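# Architecture at a glance
Okay, here's what each chain looks like letter by letter:
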Amino acid sequence: MTVTARSDLSTIAIAKSNRIPNVPPLPTGMAMPWGLEDVLVDQAIAATRNILQTFASQSDVYNVLTTAFGSSMDRMAAEALVNDWLTGAFEFLPAIEIRSAIELNHAYGAFAAATDTVYLSQALLQPPIQPPIQAPIQPVETLTAVLLEEIGHFLDLRLNETD
């Protein structure tokens, strides 16, 4: 299954039509019901947008961006980015696609500059086969963390001329 999103991270274009809101986590070893992947990705995108908007409102946002992306980052581009986040404008963010773990070389996610796309592993949408040793992390939290990581690579490309 390939899931693609508009670059604003607000709408997922999915061939599946069923949406299952507020579905509890599945027991270990069960397959996801039709449409649940769509809901999880939608929730992760919403959580990511909330995190970016909250981050943009912090008083030390530029210090944090400078620490993350270096003192040579494009300050004007960073200011435009922060202003967009503050107003809830996410149009500039990359498209998202869900790909098989094999396609991603068993990585959780990847950002491809050539396609301006974040790729998330379909494995993140599957319940674990065996119970984890530690308390399980909910799929939306995991997807959100991976999505933020990959958006960081996208931002590095946009805010810096060199890596």
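Residues numbered from 1 in each chain as written. Predicted model: local features only at pLDDT ≥ 70, side-chain atom pairs only at ≥ 80, totals over all residues. Heavy atoms only, no water.

### Structural notes on the overall build of the protein chain
Each helix and strand counted, the protein chain has 4 helices and 5 strands in total. Listed by position from the N terminus, the elements making up the protein chain come as β-β-α-α-α-β-β-β-α. For the protein chain, the residues scored as buried account for 37% of the 163 residues in total. In the protein chain, of all internal contacts separated by at least 6 residues, the share reaching a separation of at least 24 is 59%. Summed over all atoms, the accessible surface of the protein chain reaches about 9300 Å², with 55% contributed by carbon and sulfur. (Helix = DSSP H or I, 4+ residues; strand = E, 2+ residues; numbered from the N terminus. Buried < 20%, exposed > 50% of the residue type's maximum accessible area, 1.4 Å probe, protein only. Contact = heavy atoms within 4.5 Å. Areas by Shrake-Rupley, 256 points an atom, 1.4 Å probe, with all protein chains shown as cover.)

### Quick notes on the pattern of salt bridges
It is possible for side chains of opposite charge to pair when their charged atoms get near one another. Per the stated rule, a full pass over the model turns up 4 salt bridges. A salt bridge links Glu79 to Arg75, with the shortest nitrogen-to-oxygen separation between them at 3.0 Å. Taken together, the positions of Glu79 and Arg75, both in helix 3 (residues 75-86) and 4 residues apart, correspond to about one turn of that helix. Here Glu103 ties to Arg99 by a salt bridge, and the two come within 3.2 Å at their closest N and O atoms. With relative accessibility at 52%, the residue Glu103 sits in the exposed group. On the accessibility criterion, Arg99 (23% relative accessible area) is partly exposed. Because the salt bridges share partners, they merge into one network encompassing Glu97, Arg99 and Glu103. (Salt bridge = Lys/Arg side-chain N within 4 Å of Asp/Glu carboxyl O.)

### Observations concerning helix 4 (residues 139-159)
With 21 residues, helix 4 extends 30 Å between its outermost C-alpha atoms, agreeing within 8% with the 30 Å of an ideal straight helix rising 1.5 Å per residue. For helix 4, the complete set of buried residues consists of Val140, Leu143, Thr144, Val146, Leu147, Glu150, Ile151, Phe154, Leu155, Asp156 and Leu159. (Expected span 1.5 Å × (residues − 1).)

### Concerning the side chain of Thr48
Counting through the fold element by element, Thr48 comes out in helix 1 (residues 36-56). Discounting residues that sit within four places of it in the chain, Thr48 has contacts with Thr144, Leu147, Leu148 and Ile151.

### Regarding the environment of Leu147
Residue position: Leu147 is located in helix 4. Separated by 27 residues in the primary sequence, Leu147 and Leu120 have C-alpha atoms spaced 7.4 Å apart. When residues no more than four places from it in sequence are discounted, the contact partners of Leu147 are Ala44, Ile45, Thr48, Ile96, Val118 and Leu120.

### Let's talk about the pairing of strand 5 (residues 117-121)
The side chains of a regular strand alternate between both faces of the sheet. For strand 5, a buried count of 5 out of 5 residues is recorded, marking the element as mostly surrounded by other parts of the structure. The alternating pattern of strand 5 places Thr117, Tyr119 and Ser121 on one face and Val118 and Leu120 on the opposite face, and all of these are buried. Where strand 4 (residues 109-112) hands over to strand 5, the hairpin turn is made up of 4 residues, of which Asp116 adopts a positive phi near 50 degrees. (Pairing = 2+ DSSP bridges.)

### A word on the environment of Thr48
Taking the relative accessible area as the measure of exposure, Thr48 reaches 0% and is therefore buried. As a C-alpha pair, Thr48 and Leu147 span 99 residues in sequence and 7.3 Å in three-dimensional space. Within polar-contact distance, the side chain of Thr48 engages the backbone oxygen of Ala44 at 2.8 Å. (Polar contact = N/O pair within 3.5 Å; in protein donor to acceptor, adjacent residues only side chain to side chain.)

### Considerations on the environment of Ala101
In this fold, Ala101 is placed in the loop between strand 3 (95-99) and strand 4. For Ala101 and Ala123, which are 22 residues apart along the polypeptide, the C-alpha to C-alpha distance reads 6.0 Å. What Ala101 contacts, discounting residues up to four positions off in sequence, is His106, Ser121 and Ala123.

### Topic: unusual backbone geometry
With a phi close to 55 degrees, Asn105 is a non-glycine residue in the positive phi region. The backbone of His106 sits at a positive phi, close to 65 degrees, despite the residue not being glycine. Look at His106 and you get exposed, because its relative accessible area is 60%.

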